[in-house]
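# Secondary and tertiary structure notes
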Amino acid sequence: MEAHFGRDLALYTAARIALVAVLTAVFVLVKIPLLVGLAVAVVVAFPLSLLLFRGLNQRVTAGLAERGESRRSERERLRAELRGDEQA
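Please read these numbers as outputs of a predicted model, since none were measured by experiment.

## Section: the overall build of the protein chain
The secondary structure content of the protein chain amounts to three helices and zero strands. Taken over C-alpha atoms, the radius of gyration comes to 20 Å for the protein chain, far larger than the 12 Å a tight globule of 88 residues would show. Sequence-distant contacts in the protein chain: of pairs separated by 6 or more residues, those separated by 24 or more amount to 63%. Per element, the accessible surface of the protein chain, about 6500 Å² overall, is 67% carbon and sulfur. Across the protein chain, 12 positive and 9 negative side-chain charges occur, with their mean positions spaced 14 Å apart.

## A closer look at the pattern of salt bridges
Applying the stated criterion across every chain, the model contains seven salt bridges. When the shortest N-O distance is used, the salt bridge between Arg7 and Asp8 registers 3.2 Å. Residue classification places Arg7 among the partly exposed residues on the basis of a relative accessible area of 44%. By relative accessible area, Asp8 is classed as buried at 3%.

## Examining helix H3 (residues 54-83)
Over its 30 residues, H3 runs 43 Å from end to end, which matches the ideal 44 Å to within 8%, given 1.5 Å per residue. Taken residue by residue, H3 has Leu56, Asn57, Val60, Gly63, Gly68 and Ala80 as its buried positions. Where H3 ends, the next residue or the one after it, Gly84, has phi of about 90 degrees, a positive value.

## Overview of the confidence of the model for the protein chain
Looking at the protein chain as a whole, the pLDDT averages 92, with 93% of positions reaching at least 70. Ranking the helices and strands of the protein chain by mean pLDDT puts helix H2 (residues 34-52) first, with 96, and H3 last, with 92.

## Here we look at the nonpolar core
Counting residues in hydrophobic clusters, the biggest one holds 12 residues: Phe5, Tyr12, Ala15, Leu19, Val20, Leu23, Phe27, Ala41, Ala45, Phe53, Leu56 and Val60. Secondary structure elements with two or more residues in this core: helix H1 (2-29), H2 and H3. No other element matches the seven residues that H1 contributes to this core. If sequence neighbours within four positions are ignored, Ala41 has contacts with Val20, Leu23, Thr24 and Phe27.

## Structural notes on the environment of Val40
With respect to the helices, strands and loops of the structure, Val40 is situated in helix H2. Judged by relative accessible area, which is 36%, Val40 ranks as partly exposed. Distance from Val40 to Arg75, taken between C-alpha atoms, is 42 Å for residues 35 residues apart in sequence.

## Section: unusual backbone geometry
Positive phi, normally seen in glycine, also occurs at Lys31, with a value near 70 degrees. Assignment of secondary structure puts Lys31 in the loop between H1 and H2.

## Observations regarding the side chain of Asn57
Following the sequence through the fold, Asn57 ends up in helix H3. Non-local contacts of Asn57, meaning those with residues more than four positions away in its chain, are made with Tyr12 and Leu50.

Conventions adopted
- Every residue gets a number counted from 1 within its own chain, in the order that chain's sequence is written.
- pLDDT decides what is reported in this predicted model: residues at 70 or higher carry local features, side-chain atom pairs at 80 or more are listed and counted, and totals for whole chains, interfaces and linings draw on all residues regardless.
- Hydrogen atoms and water are omitted, and side-chain values are computed over all heavy atoms in the structure.
- Strands here mean DSSP runs of E at least two residues long; helices mean DSSP runs of H or I at least four residues long; both are numbered from the N terminus.
- Taken over C-alpha atoms, the radius of gyration is set against a globule rule of 2.2 Å times the number of residues to the power 0.38.
- Working rule for contacts: check all heavy atoms of both residues, and any pair within 4.5 Å makes them a contact.
- Here, Shrake-Rupley sampling with a 1.4 Å probe gives the accessible areas, and only protein chains in the shown set may cover a residue.
- In this tally, Asp and Glu contribute negative charge and Lys and Arg positive charge; neither His nor the terminal groups of the chain are included.
- Every charge is mapped to an atom, namely NZ of Lys, CZ of Arg, CG of Asp or CD of Glu.
- Basic side-chain nitrogens of Lys or Arg form a salt bridge, by our definition, when they fall within 4 Å of a carboxyl oxygen of Asp or Glu.
- Relative accessible area decides the class of each residue, using a 1.4 Å probe on protein chains only: under 20% of the type maximum gives buried, over 50% gives exposed, and in between gives partly exposed.
- The span expected for a helix works out to 1.5 Å for each residue beyond the first.
- On a scale of 0 to 100, pLDDT captures the predictor's confidence in every residue.
- What is meant by a nonpolar core is a set of buried Ala, Val, Leu, Ile, Met, Phe, Trp, Tyr and Cys residues, joined one to another through side-chain atoms within 4.5 Å.

What follows is the structure in structure tokens.
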């Protein structure tokens, strides 16, 4: 899972940026000023991306949880080693 985390995170980030770009373009096409359209697109894209990219979001979330758990276990191992509880 760890090997795919970077790829999944990059894909999810790119997909969210692309969604903001598409929404901004649609707003500009209907004659909404660019900065207003961009601001609205950023706000609208957040919940929309949670729905549209649900699977990718779940993979990124699982990868983050896995990384956090491995960092916690490594930190605990190092602390135990420093206390002398574990043989090196």
